[in-house]
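# Tertiary structure, described
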Amino acid sequence: MEYVTLSNGVKMPMIGYGTFQITDAALCEECVGHALESGYRLIDTAAAYMNEGAVGSAVKHSGIARQELFITTKLWIQDAGYDAAMRAFDTSMKKLGLDYLDLYLIHQPFGDYYGAWRAMERLYEEGAVRAIGVSNFSPERLVDLCMNHPIHPMVNQIEIHPFYQQQEARQVMEAYGVVPQAWGPLSEGQKDIFHNKILLQIAGDHGKTTAQVMLRWHFQQGVPTIPKTVHLKRMRENLDICDFALTPKEMEAIAAMDIGHSEIIDHRRFCTARQLNSVRIHG
């Protein structure tokens, strides 16, 4: 496993296993178990995914030493604010069955995320969390947070894939020492990306799948990824990207695929803010 070093010296795996939309507890536990058996050491979950318990159970039964694993979970909007975030962290830890967390993220840039960040700073300083960060923060919100708090986010988990490459956002993150981590690195299959002609040509030249080409594209730019699949064969394929390299010409061809916007979710639209703020994950 290759690693990226965060601003505080913590090493994070370059490829992790994402659990978004795996809400069935039995299936989630089985998938996370298969991922760990296949060699994944970073498991990404969230309170809003409603599967922290299943993830924790899979980790417990894996037999893998805790220090070898990197577990991420996220704070939902409903629990933004200092006191609420502290309570939500305790709830997540009980569900996960862990003594400490490797990475805790503010899931969305809405609600009282200032108060939530102060809680995360405390958790980090007390050693309950090895690293803290945010998710889906646009450049201006990230800069605002960084300029008004002593501890900067170590990670910003955002949508990055060939159709939405976020070059400006990544430049801003680099300036503030924030590591970008790509959710949806395979574009969630949007625009029939697995059959894109450019990617198919490159994949054929290397004897790889289009998914492997996309993950290698991220890897060569130093962008960690958390692909999600429930199929064991694809889990293993997604890890198998270290025995080939994309040429500069191939990297340029993929760079030209950028359409400059997301077709999955736009966090800057009022309807997105209204929709996400309406989601309740507990009473």
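Scroll up a little and you will see the structure.
A few points on the structure. Computed from a prediction, not measured in an experiment: that's the story for all the values here. (Residues numbered from 1 in each chain as written. Predicted model: local features only at pLDDT ≥ 70, side-chain atom pairs only at ≥ 80, totals over all residues. Heavy atoms only, no water.)

## Side note on unusual backbone geometry
This is how it is decided: By the criteria applied, helices consist of DSSP H or I runs no shorter than four residues and strands consist of E runs no shorter than two, each listed in order from the N terminus. Residue burial is assigned from relative accessible area. The probe radius is 1.4 Å, only protein chains are included, and a residue is buried under 20% of its type maximum, exposed over 50%, and partly exposed in between.
Backbone geometry places Q21, a non-glycine residue, at a positive phi of 70°. Looking at the element boundaries, Q21 is found in the loop between β3 (17–18) and α1 (25–38). The exposure class of Q21 is exposed, given its relative accessible area of 54%. Of note, the phi angle at K191 is positive, near 55°, even though the residue is not glycine. Note that K191 resides in the loop between β9 (179–183) and α7 (197–206). Assessed through its relative accessible area of 44%, K191 is described here as partly exposed.

## Here's the deal with the sheet that holds β3
Note the following rule: Should DSSP find at least two bridges between two strands, the strands are regarded as paired.
Spatial strand order, β3-β4-β5-β6-β7-β8-β9: seven strands in an open sheet with parallel pairing. The sheet is open, and its two borders are formed by β3 and β9, each paired with just one other strand. As judged from the five bridges shared by strand β8 (residues 155–159) and β9, these two strands associate in the parallel manner. From the neighbouring strand, I158 faces β9, where its bridge partner is A182.

## Quick word on the pairing of β9
So the rule is basically this: Looking down the strands as they point away from the viewer, one classifies a crossover as right-handed if the path from the first strand across the helix to the second runs clockwise.
Counting buried positions over the five residues of β9 gives five, a clear majority of the element. Note that the unit made of β8, helix α6 (residues 167–175) and β9 has a crossover that is right-handed.

## A look at the environment of F70
Applied cut-off: The contact definition used throughout considers only heavy atoms, calling two residues in contact when any of these lie within 4.5 Å.
Among the structural elements, F70 can be located in strand β5 (residues 70–75). Along the primary structure F70 and R130 are separated by 60 residues, whereas in three dimensions their C-alpha atoms are 9.6 Å apart. In this structure F70 touches V10, K11, M12, P13, R41, L42, I43, D102, L103 and R130, once residues within four positions along its chain are discounted.

## Some remarks on the packing of aromatic side chains
Short version of the rule: Any Phe, Tyr or Trp ring, taking Trp's six-membered ring, that has another such ring centre within 6.5 Å forms a pair; planes under 30 degrees apart are called stacked, those over 60 apart edge-to-face, and the others tilted. Over a ring means this: the NZ of a Lys or the CZ of an Arg is within 6 Å of the ring centre and within 35 degrees of the ring normal.
Counted by the stated rule, this structure contains five aromatic pairs. Centroid distance Y17 to Y40: 5.8 Å. Interplanar angle 65°. Geometry classified as edge-to-face. Taken together, the residues span a long stretch of sequence, with Y17 in strand β3 and Y40 in the loop between α1 and β4 (42–44) at a distance of 23 residues. These aromatic residues form a ring-pair network of at least three members: Y113, Y114 and F137. Above the ring of F163, the side-chain terminus of K191 is found at 5.6 Å from the ring centroid.

## Notes on the pattern of salt bridges
Note the threshold: Basic side-chain nitrogens of Lys or Arg form a salt bridge, by our definition, when they fall within 4 Å of a carboxyl oxygen of Asp or Glu.
As enumerated under the stated definition, the model contains eight salt bridges in all. The salt bridge involving D243 is made with K208; its shortest N-O contact spans 2.9 Å. Remark: K208 occurs in the loop between α7 and α8 (210–220) and D243 occurs in the loop between α9 (232–239) and α10 (248–255); sequence separation between them is 35 residues. Here E237 makes a salt bridge to K233, at a shortest N to O gap of 2.6 Å. One end of the pair is E237 and the other is K233, both in helix α9 and four residues apart, which spans about a single turn. Connected through shared salt-bridge partners, R66, D102 and R130 make up one network.

## Brief notes about helix α2 (residues 52–62)
Among the residues of α2, E52, A54, V55, G56, S57, A58 and V59 are the ones counted as buried. Packed against the buried residues of α2 are α1, β4, β5 and α3 (82–96). Trailing α2 by a residue or two, G63 shows a phi angle of about 80°, which is positive.

## Focus on the packing of α7 against α8
Under the convention used in this document: Only the stretch in contact is used when a helix axis is fitted, and all axes are lines through C-alpha atoms; the angle between N-to-C directions ranges over 0 to 180 degrees. Angles are sorted into four bins: roughly parallel if under 35 degrees, roughly antiparallel if over 145, roughly perpendicular if 65 to 115, and oblique for all others. Just so you know the grouping, Ala, Val, Leu, Ile, Met, Phe, Trp, Tyr, Cys and Pro go in nonpolar, Asp, Glu, Lys and Arg go in charged, and all remaining residues, Gly too, go in polar.
At a minimum axis distance of 8 Å, the contact between α7 and α8 shows a crossing angle of 95°. As judged from the angle between their axes, α7 and α8 are roughly perpendicular. Residues L199, L200, I202 and A203 of α7 lie in contact with α8, whose contacting residues are T210, V213 and M214. When the residues that make up the contact of α7 with α8 are grouped by side-chain class, the tally is six nonpolar, one polar and no charged.

## Some details on helix α4 (residues 113–125)
What counts, and what does not: The span expected for a helix works out to 1.5 Å for each residue beyond the first.
The end-to-end C-alpha distance of α4, which contains 13 residues, comes to 18 Å, matching closely the 18 Å that a straight helix rising 1.5 Å per residue would cover. Listed in full, the buried residues belonging to α4 are Y113, G115, A116, W117, A119, M120, E121 and L123. Those residues of α4 that are buried are in contact with β5, α3, β6 (103–106), β7 (132–135) and α5 (139–147). Once α4 finishes, G127 follows within two positions and takes phi at roughly 85°, a positive value.

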